[in-house]
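# Observations on the three-dimensional arrangement
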Amino acid sequence: MPARPLIYYPNPLLRQKSATIEQVNDEVRATLTDMLATVREHAGLGMGAVQMGVLQRLAVIALADSEPLFLINPVIIWQSDEKETDQEGNLSMPGVYDMVERAAQVRVRYIDRDNFQQELHASGMLARVIQHEIDHTNGVLFFDHLSKLKRDRLLKKYQKLQREAI
């Protein structure tokens, strides 16, 4: 399982909507395997394929207390009115985090690695990560959920970190 290089904000690919997978084949499964290796190498909780520069509707979730979850063409089909706020970050924006409000529970429909349609009801951290990763497939980043003031502050901090890394 080779980890692949990440792309970083402000790469314009991160803002593009990913393509729907027409057929689950060995190439798609290999991409998912590489995504799992990549998210683990970077100690993340999940990632969208776009974060490796692949514009396909693929997400991998790798929470420490459960088996990896591979989502092909994921769609949220229901979300609770109840909200929860917790800290989020992004592998494509290392070093910056902020509190993001999301639905406390979701139901997601997706295709698994074996080409079977699945539905999953999720709450807690799993629900949060599912929403975050599906956002990636739609060109949405976590800071898009923040107020303009908080978003501007976060982007300035990220730019400063990038300058200091040079």
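Structure: see above.
Notes on the structure in this doc start here. (Residues numbered from 1 in each chain as written. Predicted model: local features only at pLDDT ≥ 70, side-chain atom pairs only at ≥ 80, totals over all residues. Heavy atoms only, no water.)

### Some points on the packing of aromatic side chains
Using the criterion set out here, one finds three aromatic pairs in the structure. Aromatic pair Tyr 9 and Tyr 158: ring centres 6.0 Å apart, planes at 65°, arrangement edge-to-face. Residue Tyr 9 is located in the segment before helix H1 (26-41), and its partner Tyr 158 is located in helix H3 (residues 148-165); the two are separated by 149 residues in the primary sequence. Judged by its relative accessible area of 21%, Tyr 9 is partly exposed. Since its relative accessible area comes to 2%, Tyr 158 is described here as buried. An angle of 80° between the planes, with centres 6.1 Å apart, marks the rings of Phe 142 and Phe 143 as edge-to-face. Ring pairs connect the aromatic residues Tyr 9, Phe 142, Phe 143 and Tyr 158, which therefore count as one cluster. (Phe/Tyr/Trp six-rings, centres within 6.5 Å; stacked < 30°, edge-to-face > 60°. Helix = DSSP H or I, 4+ residues; strand = E, 2+ residues; numbered from the N terminus. Buried < 20%, exposed > 50% of the residue type's maximum accessible area, 1.4 Å probe, protein only.)

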